[in-house]
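Summary of the model geometry
The residues making up each chain are set out below.
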Protein chains: 2
Amino acid sequence: MAEQAETLRRTPLSRDRILRAAVALADGAGIESLSMRNLAQDLGVVPMALYKHVANKDELLEGMIDLVVGEIDPPTPDTDWKHGVRQRILSARQVLQRHPWAPLAIESRNMATPAILSYLDSMIGTFRAGGFSVDLAHHVMHAMGSRILGFSQELFDASRRAGRSGTTNPDPPTALPPEIAARFPHVAEIAMAASHDDTSVLGQGCDDQFEFEFAMDLLLNGIERLQQQGWTSSPGRRETSAASHDA
Amino acid sequence: MAEQAETLRRTPLSRDRILRAAVALADGAGIESLSMRNLAQDLGVVPMALYKHVANKDELLEGMIDLVVGEIDPPTPDTDWKHGVRQRILSARQVLQRHPWAPLAIESRNMATPAILSYLDSMIGTFRAGGFSVDLAHHVMHAMGSRILGFSQELFDASRRAGRSGTTNPDPPTALPPEIAARFPHVAEIAMAASHDDTSVLGQGCDDQFEFEFAMDLLLNGIERLQQQGWTSSPGRRETSAASHDA
DNA sequence: AATATAGGTGTACGCCGTACACCTGTCAAG
DNA sequence: CTTGACAGGTGTACGGCGTACACCTATATT
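Treat the numbers as computed from the prediction; the structure is a model and nothing was measured.

1. Overview of the overall build of chain A
When its secondary structure is counted, chain A shows 11 helices and 0 strands. Put simply, chain A runs from its N terminus to its C terminus through helices and strands in the order α-α-α-α-α-α-α-α-α-α-α. Across the 247 residues that make up chain A, the buried fraction comes to 47%. Of all intrachain contacts in chain A linking residues separated by at least 6 positions in sequence, the fraction that spans at least 24 positions is 69%. About 12400 Å² of surface is accessible on chain A, with carbon and sulfur atoms providing 55% of the total.

In structure tokens form, the structure reads like this:
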């Protein structure tokens, strides 16, 4: 009877249950805590049990990525390509912000997962439906790069670390240590300006969302201009980029 | 005398020698082969000997990154900002192509190394000298993102793998397997067009260098336009991106 | 000649992914 | 009702990892 109770107490393992637990573990404790052993423990099971449902850790990661990418909103029908793409990317961004480990996990694997391929495919579809040539759609996808997936890796990030460890971000502005400010005056200047973000006249400090949209719109506007002027890949001057290297 | 010979035969360890050997190992055998044990073996030394010169593996990585970033050409004096930035970035790209493990290594650490900071600082300096406001320079740096360091991570990459393993890239065009082409028609369409790269009229296929410059120039041209029209951060409509979300 | 110090060595610990043999409960066929 | 296959959880073990810590040994200094 104790045995029956125990048997009933935990739902039997399944690939889906494993993937969800893995995502939760990575979200909560950071990707570096995601080991087969830790994951098994969270599921009340012995490590090798997982291998009855996933081939190996790499396949586990792949499944996790697909789960996450599947959270991105489907395309909005009946909008022009620009707003359609914009909304989709912002949705992707929201999703990947819930799973801070995902950008690195995605970047570090060498082949796209099915869910990513499907996402990319539908975005290309949006461009094509908006009148883009195959070529322009191709180059545009490259140009948007990882921003298409809602992330632009920041070089000095500080957020991508572990999951909730008590307080979320209790750092005071942390003006850079003076010896660093001296060595890198321009970096310091920007950091200084950005830390005056008491909604001063010139800015929202270093507001991630703002920076993201700034770059995305810069690209989208440039793309729109190319498309409106009927861009084709100007076979004549192939050594220079076709994005109207104007000067 | 055998002892003397042995003592003389190998230069004594040094931080620099270790870092260079580590870079060589990562270049040649892939970053996943870079273990303290392998590295020590390459140097004819016992693993723990390394720890007399580097604190731990993380610091080793940091040193490797700084070594690599130090290979980037210094800024060209007496050019306008646009060409100055362009050249510097193309130099960075060349460097990082020699060290395919570096982009991921850079992205996966959470704090910038001194050499990276110094590189970023001098690039901000170029923008400032070109008449950019602190704010605009700030946003522009974010917008360029990792392209500033010469890489834009490709989602389906295939190159970032191991180092030279005999033949470099003997793959025939590898038209995607038909069941994938069926599921992702737009991806297939692009892949199809790109594989007709027998210098057909519309393109150089999927030429990495072309894609990189295309995106870079798209950004640089958009930035130039912002700067010429005296961009300021339009405090009025803060919920929308300042990169003239025009429509 | 005595001693401090820098730098290479050897052993050992705890973590990791996972191969492989094993057990056990369920369910279909005889 | 028995039997046997099979799906799925278990236990043990192996090789690799980063690295703590005690040790040895040349060289340099007093």
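Picking up after the structure, the text goes on.
2. What about the environment of A:W231?
All names here are of chain A. As for its placement among the helices and strands, W231 is situated in the segment after α11 (208–228). What makes W231 buried here is its relative accessible area of 9%. On a C-alpha basis, the gap between W231 and S133 in space is 8.7 Å, while along the polypeptide they are 98 residues apart.

3. Observations regarding the protein's contact with DNA strand C
Close to DNA strand C lie 18 residues, the nearest being A:R37, A:K57, B:M48, B:K52 and B:H53. Among the atoms of DNA strand C lying within 4 Å of the protein, the sugar-phosphate backbone contributes 44%. Contacts to DNA strand C include A:S35, whose side-chain N or O atom sits 3.0 Å from a phosphate oxygen. In this structure, a phosphate oxygen belonging to DNA strand C sits 3.0 Å away from a main-chain N or O atom of B:V46. Of all the elements, helix α3 (residues 36–42) of chain A adds the most residues to the surface near DNA strand C, at 3 residues.

4. A word on the packing of helix α5 (residues 81–98) of chain B against helix α11 (residues 208–228) of chain B
Helix packing for two helices is described by the angle between their axes and how far apart those axes are. All names here are of chain B. Put simply, α5 and α11 touch, their axes get as near as 11 Å, and they point 155° apart. Between α5 and α11, the angle falls in the class roughly antiparallel. The chirality of how α5 crosses α11 is right-handed. Side by side, α5 and α11 meet where W81, K82, V85, R86, I89, L90 and R93 of the first sit next to D208, Q209, F212, E213, M216, D217, L220, N221, I223, E224 and Q227 of the second. By residue class, the composition of the contact of α5 with α11 is 8 nonpolar, 3 polar and 7 charged.

5. Points about α11(A)
Residue and element names in this part refer to chain A. Between its terminal C-alpha atoms α11 stretches 30 Å, which fits the 30 Å expected from 21 residues at 1.5 Å a residue. Taken across its 21 residues, α11 has 16 buried, putting it largely inside the fold. G230 lies just past α11 and shows a positive phi near 60°.

6. Details of empty space enclosed by the protein
According to the stated counting rule, one finds 5 cavities of 30 Å³ or more in the structure shown. Roughly 90 Å³ of volume is contained in the largest cavity. In terms of lining residues, the largest cavity is bounded by A:M144, A:G145, A:S146, A:R147, A:S152, A:Q153, B:M144, B:G145, B:S146, B:R147, B:S152 and B:Q153.

7. Overview of the protein's contact with DNA strand D
Around DNA strand D there are 16 residues in total, and A:M48, A:K52, A:H53, B:R37 and B:Y51 lie nearest to it. Each atom of DNA strand D within 4 Å of the protein was classed as base or backbone; sugar and phosphate made up 42%. In this structure, a phosphate oxygen belonging to DNA strand D sits 2.8 Å away from a side-chain N or O atom of A:H53. A distance of 3.0 Å separates a phosphate oxygen of DNA strand D from a polar atom in the backbone of B:M36. Classifying every residue of the surface near DNA strand D by side-chain character gives 8 nonpolar, 3 polar and 5 charged.

8. A few points about the UniProt feature "DNA-binding region" (unreviewed entry) in chain A
UniProt records the feature "DNA-binding region" (unreviewed entry) at residues 35–54 of chain A, using the numbering of this structure. Between the end C-alpha atoms of residues 35–54 of chain A the distance is 13 Å, and the span holds 35% helix and 0% strand.

9. Some remarks on the side chain of B:S91
All names here are of chain B. As for its position among the elements, S91 is in helix α5. Engagement of the side chain of S91 in a polar contact is seen with the backbone nitrogen of D73, the distance being 3.0 Å. Residues in contact with S91, not counting those within four places in the same chain, are I72 and D73.

10. As for the packing of aromatic side chains
Evaluated as defined, the whole model comprises 8 aromatic pairs over all chains. Taking 5.7 Å as the distance between ring centres and 45° as the angle between the ring planes, the aromatic pair formed by B:W81 and B:F127 counts as tilted. Pair noted here: B:W81 is in helix α5 and B:F127 is in helix α7 (residues 114–129), with a separation of 46 residues, a long-range link. Take B:W81 and B:F127: they sit in the same class, and that class is buried. With 4.8 Å between their ring centres and 80° between their planes, B:W81 and B:F132 make a pair best called edge-to-face. Note that B:W81 is positioned in helix α5 and B:F132 in the loop between α7 and α8 (134–144), a separation of 51 residues in sequence. Assessed through its relative accessible area of 1%, B:F132 is described here as buried. Among the aromatic side chains, those forming a connected cluster through ring pairs are A:W81, A:F127 and A:F132.

11. Some thoughts on the environment of A:R147
With respect to the element layout, A:R147 can be found in the loop between α8 (134–144) and α9 (178–183). Its relative accessible area of 7% is what places A:R147 among the buried residues. Distance from A:R147 to A:R93, taken between C-alpha atoms, is 8.4 Å for residues 54 residues apart in sequence. Other than its neighbours up to four places away in sequence, A:R147 contacts A:I89, A:S152, A:F212, A:A215, A:M216, A:L219, B:H142, B:A143, B:M144 and B:G145. A polar atom in the side chain of A:R147 sits 2.7 Å from the backbone oxygen of B:A143.

12. Points about unusual backbone geometry
Residue A:D78 is not a glycine yet carries a positive backbone phi of 60°. Examined against the element boundaries, A:D78 turns out to sit in the loop between α4 (57–69) and α5 (81–98).

13. What to know about a nonpolar patch on the surface
A grouping of A:V46, A:M48 and A:Y51 is seen on the molecular surface, where their side chains present a nonpolar patch of about 310 Å² in accessible area. Residue classification places A:Y51 among the partly exposed residues on the basis of a relative accessible area of 33%.

Cut-off values and rules
- Residues numbered from 1 in each chain as written.
- Chains lettered and ligands numbered in written order.
- Predicted model: local features only at pLDDT ≥ 70, side-chain atom pairs only at ≥ 80, totals over all residues.
- Heavy atoms only, no water.
- Helix = DSSP H or I, 4+ residues; strand = E, 2+ residues; numbered from the N terminus.
- Buried < 20%, exposed > 50% of the residue type's maximum accessible area, 1.4 Å probe, protein only.
- Contact = heavy atoms within 4.5 Å.
- Areas by Shrake-Rupley, 256 points an atom, 1.4 Å probe, with all protein chains shown as cover.
- Near = heavy atom within 4 Å.
- Polar contact = N/O pair within 3.5 Å; in protein donor to acceptor, adjacent residues only side chain to side chain.
- Axes fitted to C-alpha atoms, helices over the stretch in contact; angles between N-to-C directions.
- Parallel < 35°, antiparallel > 145°, perpendicular 65-115°, else oblique.
- Left-handed = near helix turned anticlockwise from the far one by under 90°.
- Nonpolar A, V, L, I, M, F, W, Y, C, P; charged D, E, K, R; others polar.
- Expected span 1.5 Å × (residues − 1).
- 1 Å grid on protein atoms, 1.4 Å probe; cavity = no way out; pocket = protein on both sides within 12 Å on 5 of 7 lines; lining within 4 Å.
- Points joined across faces, edges and corners; volume = space filled by probe spheres on them.
- UniProt positions renumbered as here; feature names shortened; annotations may be inferred.
- Phe/Tyr/Trp six-rings, centres within 6.5 Å; stacked < 30°, edge-to-face > 60°.
- Patch = residues over 30% accessible without salt bridge, like charges linked within 9 Å, V, L, I, M, F, W, Y side chains within 5 Å.
- Salt bridge = Lys/Arg side-chain N within 4 Å of Asp/Glu carboxyl O.

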